[in-house]
Amino acid sequence: MKISVAMCTYNGGRYLGEQLASIAWQTRPPDELLVCDDLSSDDSREIVSEFAARAPFSVRLLVNETNLGSTKNFERAIDLCAGDVIALADQDDIWCREKLARMEQVFAFAPEIGLVFSDGELVDERSNRLGRRVWQSLKFTEFEQKSFANGK
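These notes cover the structure that comes with them. (Residues numbered from 1 in each chain as written. Predicted model: local features only at pLDDT ≥ 70, side-chain atom pairs only at ≥ 80, totals over all residues. Heavy atoms only, no water.)

The subject of this paragraph is the packing of aromatic side chains. Applying the stated criterion to the full structure yields one aromatic pair. On the numbers, 6.1 Å between centres and 55° between planes, the contact of Phe 51 with Phe 57 is tilted. The buried category is assigned to Phe 57, whose relative accessible area is 9%. (Phe/Tyr/Trp six-rings, centres within 6.5 Å; stacked < 30°, edge-to-face > 60°. Buried < 20%, exposed > 50% of the residue type's maximum accessible area, 1.4 Å probe, protein only.)

Here it is, written out as structure tokens:
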């Protein structure tokens, strides 16, 4: 199974180093990282280029000709990925070390599954834990989680 990571950037230079490092330290590294930059005016492209030069996997940086906005930028990144599985990466995330390995296990165990998503721990701009999780913040209740898991 080939795993691609699709990341979109826009003036995220202050966060990119940690996110790129967290992708590089995966116990199951991606087969490719595709980054679509939405015309950043900060050092985002330079940070990705420097990372690409030393990454242990393929990294492609594409710069949009016009500003597409987040949704269209992700659509473009997804469309350009070559993997069987595509993991979406926000520029300001920090991934748990087992993220891609666990995704791969789920897809290998149940190939009929078409989508895997996960909860996340919220942190501030300095990566300090806030003591809340994404699903708590979105009020994605246990009942709703079970309903979703059952196809509703």
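A word on the nonpolar core. Ranked by size, the top nonpolar core spans 21 residues in total, and within it Val 5, Met 7, Leu 20, Ile 23 and Leu 33 carry the most contacts. Of all the secondary structure elements, the ones that give two or more residues to this core are strand E1 (3-9), helix H1 (13-24), strand E2 (32-37), helix H2 (44-54), strand E4 (85-90) and helix H4 (99-109). Those residues in contact with Val 5 that lie beyond four places of it in its chain are Ile 23, Pro 30, Glu 32, Leu 33, Leu 34, Cys 81, Ala 87, Ala 89, Trp 95 and Leu 100. Ala 6, Leu 34, Ala 77 and Cys 81 belong to the second-largest nonpolar core, a separate cluster that totals seven residues. (Core = buried A, V, L, I, M, F, W, Y, C linked by side-chain atoms within 4.5 Å. Helix = DSSP H or I, 4+ residues; strand = E, 2+ residues; numbered from the N terminus. Contact = heavy atoms within 4.5 Å.)

This brings us to H2. Considered for burial, the residues of H2 that qualify are Ser 44, Ile 47, Val 48 and Phe 51. Relative to the axis of H2, the buried residues are bounded by an arc of 95° and lie together on one face. Within H2, the exposed residues directed more than 90 degrees away from the buried face are Glu 50 and Ala 53. Looking at the buried positions of H2, the neighbouring elements they touch are E1, H1, E2 and strand E3 (58-63). (Arc of directions from axis to C-beta.)

What follows covers the pairing of E3. Of the strand pairs in this sheet, E2 and E3 are connected by six bridges, and their pairing is parallel. Bridge pairing in E3 links Cys 36 to Leu 62. (Pairing = 2+ DSSP bridges.)

Attention now goes to the pattern of salt bridges. Going through the model one piece at a time under the given rule, you end up with five salt bridges. Close ionic contact of Arg 28 with Glu 104 constitutes a salt bridge, the shortest N to O distance being 3.2 Å. Taken together, the residues span a long stretch of sequence, with Arg 28 in the loop between H1 and E2 and Glu 104 in helix H4 at a distance of 76 residues. Two residues, Asp 37 and Arg 45, come together in a salt bridge whose shortest N-O distance is 3.0 Å. One salt-bridge network, held together by shared partners, links Arg 28, Asp 31 and Glu 104. (Salt bridge = Lys/Arg side-chain N within 4 Å of Asp/Glu carboxyl O.)

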